[in-house]
Amino acid sequence: MIRNHNTSFKKLFRQVLLLQLCLFYSIAAYSWGFFAHKRINHLAIFTLPPKLNGLYKRHIHAIENLAVLPDQRRHSLDEEAARHYIDLDRYLIKSIAYLNFEKAIQLYTNDSLQRHGIVPWIIPTMKNRLKQAFFNRDTLQIIKLSSELGHYIADAHVPLHTTSNYDGQKSNQVGIHAFWESVIPEMLQSDLEDWSAPAQYIADLQKETWNWILSSHSLVEILLSLEAKLNQKTNARSKYIFIKKGTLLTKTYAPAYTKAYHQSLNNQIETRFNEAVQHVGNVWYSAWLEAGQPDFK
Ligand SMILES: [Zn+2]
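If you're wondering where the values come from, they're calculated on a predicted model, not measured in any experiment.

(A) Focus on the overall build of the protein. Scanning the protein for helices and strands turns up 16 helices and 2 strands. A total of 297 residues make up the protein; the buried ones form 40% of that total. Pairs at least 24 apart in sequence give 79% of the contacts found in the protein among residues at least 6 apart.

Shown next as structure tokens:
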């Protein structure tokens, strides 16, 4: 039996919508923008097998809307921020890569891990919670946890979530975070959508999560240097434009500069986006499989 949680869903939605209105302008620089997070969760549903995807399709709007809840919570929950990133440049990578949380605490202490981000470990933790929700056939929790898990997995695919120079503040490129993960995805829209394979089981999620993060981190240098090069050969006046958002004038990257940067990245954003979609589907599927494949048709 699937439990009916309509009232709880409505309540949750109202909270989310209110938060979205209040925080729209302040969260853009934290992670994939609203558009991409919602889209990644939406597309991941279509990687799932029929026994499972009926449940997700019935709650497709919730899966999209709740995709941005973890960013909104950052303002009200102290421990939330650390879940979205890891500053790998603060560590000797070969010493920290592939550690689980317990081993990492022994080596670096919890305080230091929290300071530099815990995205490699929140993903397996959330997946275990999702597995438990599947065991309990708790629809509200399945949808909420799946959405939030989708958010953290998506963040792990953003190169600038793996460095302390997350917004180019150390290389005189402030604004590059939202440029890469919000401005360009919003420009690309449906071009981002590629074919995804049916979800596959992940036997070792801790290891797999590290693979995604290390692959993100390997792109940091190139995405920064390509923007620095483009900036050098662009007249300062043609780099930005001002657009009106409501009554406010907002500074943003000019369309020609955005297109030139996107072209120089050579599908980097599309590739990370599509991998995020596939991996979100894989993790949801794995939690369901380990919970004994409850039928939600
Ligand atoms: Zn985030």
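And the narrative resumes.
(B) Looking closely at the packing of helix 11 (residues 176–188) against helix 16 (residues 268–290). As a packed pair, helix 11 and helix 16 sit with axes 11 Å apart at the nearest point and diverge in direction by 90 degrees. The orientation of helix 11 relative to helix 16 falls into the category roughly perpendicular. Note on element contacts: helix 16 touches helix 11 through I269, E270 and F273, opposite W180, I184, P185 and L188.

(C) Here's a closer look at the packing of helix 2 (residues 34–44) against helix 16. Contact geometry of helix 2 with helix 16 gives a least axis separation of 8 Å together with a crossing angle of 50 degrees. One element, helix 2, and the other, helix 16, form an angle in the oblique class. Like other packed secondary-structure pairs, helix 2 and helix 16 cross with a definite hand, here right-handed. Here helix 2 contributes A36, I40, N41, L43 and A44 to the contact with helix 16, which in turn contributes F273, A276, V277, V280, G281 and W284. Of the residues that constitute the contact of helix 2 with helix 16, the class distribution is 9 nonpolar, 2 polar and no charged.

(D) How the structure looks around helix 16. Here helix 16 is 23 residues long and its end C-alpha atoms lie 33 Å apart, about the 33 Å a rise of 1.5 Å per residue gives. Following helix 16 by one or two positions, G292 adopts a phi angle in the positive range, close to 95 degrees.

(E) A look at the nonpolar core. Formed by 70 residues in total, the largest nonpolar core has its most connected members in I40, V119, I123, I153 and V280. Discounting chain neighbours no more than four positions away, the residues touching V280 are I40, N41, A44, G150, I153 and A154.

(F) Representation of unusual backbone geometry within the structure. Although it is not a glycine, T109 adopts a positive phi angle of roughly 75 degrees. Along the chain, T109 turns up in the loop between helix 7 (101–108) and helix 8 (110–116). The residue N172 is not glycine, and still its phi comes out positive at about 60 degrees. Residue placement: N172 occurs in the loop between helix 10 (139–156) and helix 11. Accessibility expressed as a C-beta count within 10 Å gives 9 for N172, which makes it exposed.

(G) Main features of the pairing of strand 2 (residues 248–253). Where strand 1 (residues 240–245) meets strand 2, 6 bridges bridge the pair, whose relative direction is antiparallel. Looking at the pairing, K244 lines up with L249 of strand 2. Between strand 1 and strand 2, which pair antiparallel in sequence order, lie 2 residues; one of them, G246, sits at a positive phi of approximately 65 degrees.

(H) Quick peek at the environment of Y257. You can see Y257 is positioned in helix 15 (residues 255–265). Taking C-alpha positions, Y257 is 8.1 Å from L230, a pair spaced 27 residues apart along the chain. Contact partners of Y257, with chain neighbours within four places excluded, come to T234, S238 and K239.

So, how was this worked out
Residues numbered from 1 in each chain as written. Predicted model: local features only at pLDDT ≥ 70, side-chain atom pairs only at ≥ 80, totals over all residues. Helix = DSSP H or I, 4+ residues; strand = E, 2+ residues; numbered from the N terminus. Buried ≥ 20, exposed ≤ 12 C-beta atoms within 10 Å, placed from the backbone. Contact = placed C-beta atoms within 7 Å. Axes fitted to C-alpha atoms, helices over the stretch in contact; angles between N-to-C directions. Parallel < 35°, antiparallel > 145°, perpendicular 65-115°, else oblique. Left-handed = near helix turned anticlockwise from the far one by under 90°. Nonpolar A, V, L, I, M, F, W, Y, C, P; charged D, E, K, R; others polar. Expected span 1.5 Å × (residues − 1). Core = buried A, V, L, I, M, F, W, Y, C linked by C-beta atoms within 7 Å. Pairing = 2+ DSSP bridges.

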